[in-house]
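# Residue-level structure breakdown
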Amino acid sequence: MNTYLIIADDFTGSNDSALELAHRGLSTIIGFSSPKGTVDSYVLDTESRNREGDEAYRMTKALIKDLDIDSYDIVLKKIDSTLRGNILEEIRAIDEKMNSDLILVAPAFSQMGRTCVGGTVFVNSVKLLDTEFAHDPLKPVTEDNLITLFASEYSTIHLSVDEIRSKAFPLIKDVQVIVCDAEHEADLFETVKWARGLDKRILYVGSAGLAGALIQYDRPKQPALAILASLSKASRAQLDYAKSRGVAILAVDVLSILKGGDFTPIIDQGIQILQGGEDLILTLSSALDRSVFQQSIEVGKALGLKDAVVGTMIKDRLSKVSLEIIKASGVKNLFLSGGETAFGLMQMMGINEVKIIGEVDIGIPITLVLDGPYQGMKIVTKAGGFGKEDALTYSLRRLEERQL
């Protein structure tokens, strides 16, 4: 098992990066001085973010002076996802100790709306220098392009989103720093997979998003399947939010349900996504576009079907498609929204008892299946109208935790 060292510049940053390791069941200690001996994972908080650059360099250098940095397999310099702090100075201090072959910079944290495109950091699609962080009273950000920032001290190249997704990774020769774009978690993970295959001692530089990608490589997460049938405004907002955070969404066409369509392609696609380690939201076309619901009623009338029958047909088909995906993918985590759909699917799965083991938010429980062929599965249930816009995304994250 690999060991992890994270060096952060403030306490909250130490905690959010440590949390990524803890989610995968790795025992993690946060300290304010170098550890005595090597532990599985250690987060060193230098408390240097709001100091002057030279002082931050000296503080960091002093704190890691007696640290056996070479005993750690993975070393991450945790930086603020909005680039506050003394990034260059602290990296210099760590790299002088570590003598790395390559510094890989990837600050994106898509779950919090932080992305990097063209080497520039964005917050909720707004350039960093156009946000409030440029006016931070203690450490205002003066540069949001990482290529420009690092090129002032290091030989620097850029890895774009397109290159990451097409796996067109560069040959690393006479390069000190590579600045990596990322819009979604999958981009960070592909970058880490490539980097971990290099025969180089790498100093990773990034936020909690990169910490999550690094631990995912060693301890892959168990993906979650969300099944959402609700047409409520709250559910639509949660779908939109999840989409903006890069979660895969597949929609079952309700008109095809009424016309007896073939759903094998969407089942196969869903299985592929989950077996690839990604979360998936399975929903209805009417949940994405309210006008489709009215069309389904009209199609039902043309077929001589009552509204209630149309609704039952749609929910039953969604449950059957879901069950096929669950069986074939082996997914162990479910999110169910919409009471009738949740109950119908659980009946099909032969589930008779669940135990509440936690709570995502007020009124959104996490349960454990106690019987039947899916014993041990974790299920989050949510009423359609419940929850803030991030309720669905956060539920998927909670389901991935090794321990609740």
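One can find the structure itself at the top, above this paragraph.
A brief look at the structure comes next. Not measured: the values here are computed from a predicted model. (Residues numbered from 1 in each chain as written. Predicted model: local features only at pLDDT ≥ 70, side-chain atom pairs only at ≥ 80, totals over all residues. Heavy atoms only, no water.)

### Re the sheet that holds strand 3 (residues 41-45)
Strand order in the open sheet formed by 8 strands is 2-3-1-4-11-5-10-9, with parallel pairing between adjacent strands. Each edge of the sheet is formed by a strand with only one pairing partner; in this case those strands are strand 2 (29-31) and strand 9 (156-159). When the angles between neighbouring strand axes are averaged without regard to direction, this sheet yields 20°. The pairing of strand 2 with strand 3 spans 3 bridges and is parallel. Considered in strand 3, the bridge of isoleucine 29 is made with tyrosine 42. (Pairing = 2+ DSSP bridges. Helix = DSSP H or I, 4+ residues; strand = E, 2+ residues; numbered from the N terminus. Axes fitted to C-alpha atoms, helices over the stretch in contact; angles between N-to-C directions.)

### Examining the packing of aromatic side chains
By the definition in use, this model includes 3 aromatic pairs. Seen from their ring centres, phenylalanine 150 and tyrosine 154 are 6.3 Å apart, and the 40° between their planes marks the pair as tilted. Taking relative accessible area as the criterion, phenylalanine 150 reaches 0% and is therefore assigned buried. You can call tyrosine 154 buried: its relative accessible area is 10%. With a centroid separation of 4.9 Å and 5° between ring planes, the pair formed by phenylalanine 169 and tryptophan 194 is classed as stacked. Taken together, the positions of phenylalanine 169 in the loop between helix 5 (161-165) and strand 10 (177-180) and tryptophan 194 in helix 6 (residues 185-196) put the pair 25 residues apart, joining distant regions of the chain. (Phe/Tyr/Trp six-rings, centres within 6.5 Å; stacked < 30°, edge-to-face > 60°. Buried < 20%, exposed > 50% of the residue type's maximum accessible area, 1.4 Å probe, protein only.)

### Describing the sheet that holds strand 6 (residues 114-117)
Pairing within the open sheet is antiparallel, and its 3 strands lie in the order 6-7-8. Strands with a single pairing partner mark the edges of an open sheet, and in this sheet they are strand 6 and strand 8 (126-127).

### With respect to the nonpolar core
Counting 40 residues, the largest nonpolar core has Leu225, Val252, Leu282, Ile326, Leu334 and Met349 as the members making the most contacts within it. With 7 residues, the top contributor of residues to this core is helix 13 (residues 307-329). In contact with isoleucine 326, not counting residues within four places along its chain, are Leu225, Ile227, Val331, Leu334, Leu345, Met349, Tyr374 and Met377. Judged by nonpolar contacts, the second largest core, of 32 residues, contains Tyr42, Ile87, Leu88 and Ile91. (Core = buried A, V, L, I, M, F, W, Y, C linked by side-chain atoms within 4.5 Å. Contact = heavy atoms within 4.5 Å.)

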